[in-house]
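The lines below spell out each chain.
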Amino acid sequence: MKKKNVIIILTVAIVGLIYLGIMIWIYGGRQTTSGLIVVSKLGGFECQAKQCSFVVLDELHTSNKNFKVYQRNNLIDTYELNYGKNWNFFKEGEWQALYGDFIAIEDSLNAEVLAFSYDEMNYTDREALLSILKEEDINDITNLDETEVIVLDLDGDGTEDRIGIFSNQTEENEAEKYFSVAYLILNGRTVKIYADYGSKKYSLPFYNIFSIIKIDGEKDARIIINQGYYDNNGENSVSMWQLDGRKIEKVA
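As the structure is a computational prediction, the values presented were derived from the model and not from experiment.

Scoring rules and cut-offs
Residues numbered from 1 in each chain as written. Predicted model: local features only at pLDDT ≥ 70, side-chain atom pairs only at ≥ 80, totals over all residues. Heavy atoms only, no water. Pairing = 2+ DSSP bridges. Helix = DSSP H or I, 4+ residues; strand = E, 2+ residues; numbered from the N terminus. Axes fitted to C-alpha atoms, helices over the stretch in contact; angles between N-to-C directions. Phe/Tyr/Trp six-rings, centres within 6.5 Å; stacked < 30°, edge-to-face > 60°. Buried < 20%, exposed > 50% of the residue type's maximum accessible area, 1.4 Å probe, protein only. Contact = heavy atoms within 4.5 Å. Arc of directions from axis to C-beta. Polar contact = N/O pair within 3.5 Å; in protein donor to acceptor, adjacent residues only side chain to side chain. Salt bridge = Lys/Arg side-chain N within 4 Å of Asp/Glu carboxyl O. Disulfide = S-S within 2.5 Å.

*Asks:* Give me the lowdown on the sheet that holds strand β18 (residues 247–250), citing residues and values where you can.
*Replies:* Read from one edge of the open sheet, 5 strands run β9-β15-β16-β17-β18, paired in antiparallel fashion. The two strands at the open ends of the sheet, each matched to only one other strand, are β9 (111–113) and β18. Strand-to-strand twist in this sheet, taken as the mean axis angle between neighbours without regard to direction, amounts to 35°. Where strand β16 (residues 222–228) and strand β17 (residues 237–244) come together, 6 bridges link them in antiparallel fashion. Following the sheet pairing, Ile224 is matched in β17 by Met240.

Printed below as a string of structure tokens:
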């Protein structure tokens with residue numbers, strides 16, 4: 001074989017090895033974990049390689065899969081799930097009685113459900129809320145003084161973060177303008193998640209943190225939020241948001 005041909009072959013081989021090494025470096029560390037998250041009767045999420053998409057209730061195929069089931073962030077047990085008119089829970093083939101809202105996470109996702117506590121609304125929470133309401137010239141939040149906020153270290157940096165969910169759509173409150181707001185105070189910064197406004201009471205959704213999770217050891221937590229309405233004035237739904245550095249984004 002001519003020396004020139006040998007050099008060409010070696011060059012091609014080296015380039016190929018370099019390309020293969022780059023691909024392994026880029027993609028090799030990515031998880032290929034896949035699985036389902038069921039959010040009570042609101043539907044759920046199908047996750048593949050940490051990319052999740054919303055799935056309606058009737059299209060959640062849960063047969064022959066094991067799920068860790070949580071209520072109020074407490075692990076109840078591992079079950080198989082089957083949906084008829086209601087969710088049914090089975091342990092080793094035996095039906096189990098379980099009532100109320102829940103979140104069920106397929107074992108394959110290796111998920112961690114983050115614990116959080118509640119704290120009374122303080123000065124920082126008030127200022128954060130008012131900074132958002134300023135966009136609509138709303139400055140009266142006296143009816144919210146006894147509202148609690150969620151407290152946890154969301155980004156794992158040792159600093160307490162706070163999630164506030166507020167609405168002035170209360171039975172005793174009459175206002176010219178109503179609001180329903182969800183926000184995160186992350187390391188002292190206020191990050192708006194939702195802010196809805198309207199002139200008719202109960203026309204706006206109420207927000208609720210359903211769960212806060214991490215999938216397969218990921219750094220950034222995901223917040224699952226339920227959007228509901230008073231007396232069926234709107235359609236309930238659920239969404240997934242994820243912390244991304246200094247901001248939070250809707251991912252499903």
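Alright, that's what it looks like, and here's the rest.
*Asks:* Requested: an account of the sheet that holds strand β12 (residues 161–167), with residues and values cited.
*Replies:* In space, the 5 strands of this open sheet follow the order β10-β11-β12-β13-β14, with antiparallel pairing throughout. Two strands close off the open sheet at either side, each with one partner strand: β10 (117–120) and β14 (189–198). Direction aside, neighbouring strands of the sheet carry axes that sit 20° apart on average. Bridging between β12 and strand β13 (residues 178–186) involves 6 bridges; their strand directions are antiparallel. Residue pairing in the sheet places Gly164 in a bridge with Tyr183 of β13.

*Asks:* A description of the packing of aromatic side chains should follow, citing residues and the corresponding values.
*Replies:* Under the criterion given, the structure shown has 10 aromatic pairs. Judged by centre distance (5.9 Å) and plane angle (25°), the rings of Phe166 and Tyr183 are stacked. Note that Phe166 is positioned in strand β12 and Tyr183 in strand β13, a separation of 17 residues in sequence. Each member of the pair, Phe166 together with Tyr183, is buried. The interplanar angle of 25° and the centroid separation of 4.1 Å between the aromatic rings of Tyr202 and Tyr230 together place this pair among those described as stacked.

*Asks:* An account of the side chain of Asn226 is needed here, citing residue identities and associated values.
*Replies:* Structurally, Asn226 is set in strand β16. If we ignore the near neighbours within four places in the chain, the residues touching Asn226 are Leu42, Phe206, Tyr207, Asn208, Phe210, Ser237 and Val238.

*Asks:* Lay out helix α2 (residues 123–133) with the relevant residues and their values.
*Replies:* Looking only at α2, the buried set comprises Asp125, Ala128, Leu129, Ile132 and Leu133. Down the axis of α2, the buried set is contained in an arc of 135°. They therefore lie on one face. Of the residues flanking the start of α2, the one acting as N-cap is Asn122, its side-chain oxygen 3.0 Å from the backbone nitrogen of Thr124.

*Asks:* Tell me about the environment of Ile225, residues and numbers included.
*Replies:* Along the chain, the position of Ile225 falls in strand β16. Taking the C-alpha atoms as reference points, Ile225 and Tyr207, 18 residues apart in sequence, are found 6.7 Å from one another. The residues touching Ile225, leaving out its near neighbours within four places in the chain, are Ile193, Tyr194, Tyr207, Asn208, Ile209, Phe210, Ser237, Val238, Ser239 and Trp241.

*Asks:* Account for the pattern of salt bridges, naming residues and giving values.
*Replies:* Counted under the stated rule, the structure contains 11 salt bridges. Lys201 is paired through a salt bridge with Glu174; the nearest N and O atoms lie 2.9 Å apart. Within this pair, whereas Lys201 is found in the loop between β14 and β15 (206–215), its partner Glu174 is found in the loop between β12 and β13, the two being separated by 27 residues in sequence. The exposure class assigned to Glu174 is exposed, which follows from its relative accessible area of 62%. Residues Lys247 and Asp244 are paired through a salt bridge, measuring 3.5 Å at the closest nitrogen-oxygen approach. Classification of Lys247 as partly exposed rests on a relative accessible area of 40%.

*Asks:* Mind laying out the state of the cysteines, listing which residues take part and the relevant values?
*Replies:* Tallied over the entire structure, the rule returns 1 disulfide. Shown here is the disulfide that connects Cys47 with Cys52, its sulfur atoms set 2.1 Å apart. One disulfide, between Cys47 and Cys52, carries an S-S torsion of 110° and so falls in the right-handed class. Relative accessible area serves as the criterion here: at 1%, Cys47 is assigned to the buried category. By relative accessible area, Cys52 is classed as buried at 10%.

*Asks:* So what's going on with the pairing of strand β6 (residues 87–91)? Which residues, and what values?
*Replies:* In regular strands, side chains alternate between the two faces of the sheet. Strand direction decides the pairing type here: strand β5 (residues 74–83) and β6, joined by 4 bridges, are antiparallel. Bridge pairing links Leu81 to Phe89 in β6. Connecting β5 to the antiparallel partner β6 that follows it, the hairpin turn spans 3 residues. Here 3 bridges tie β6 to strand β7 (residues 94–96), and the two strands are oriented antiparallel to one another. Along β7, the bridge assignment pairs Lys91 with Glu94. Hairpin connection, β6 to β7: the antiparallel pair is bridged by 2 residues, and Glu92 has positive phi, about 50°.

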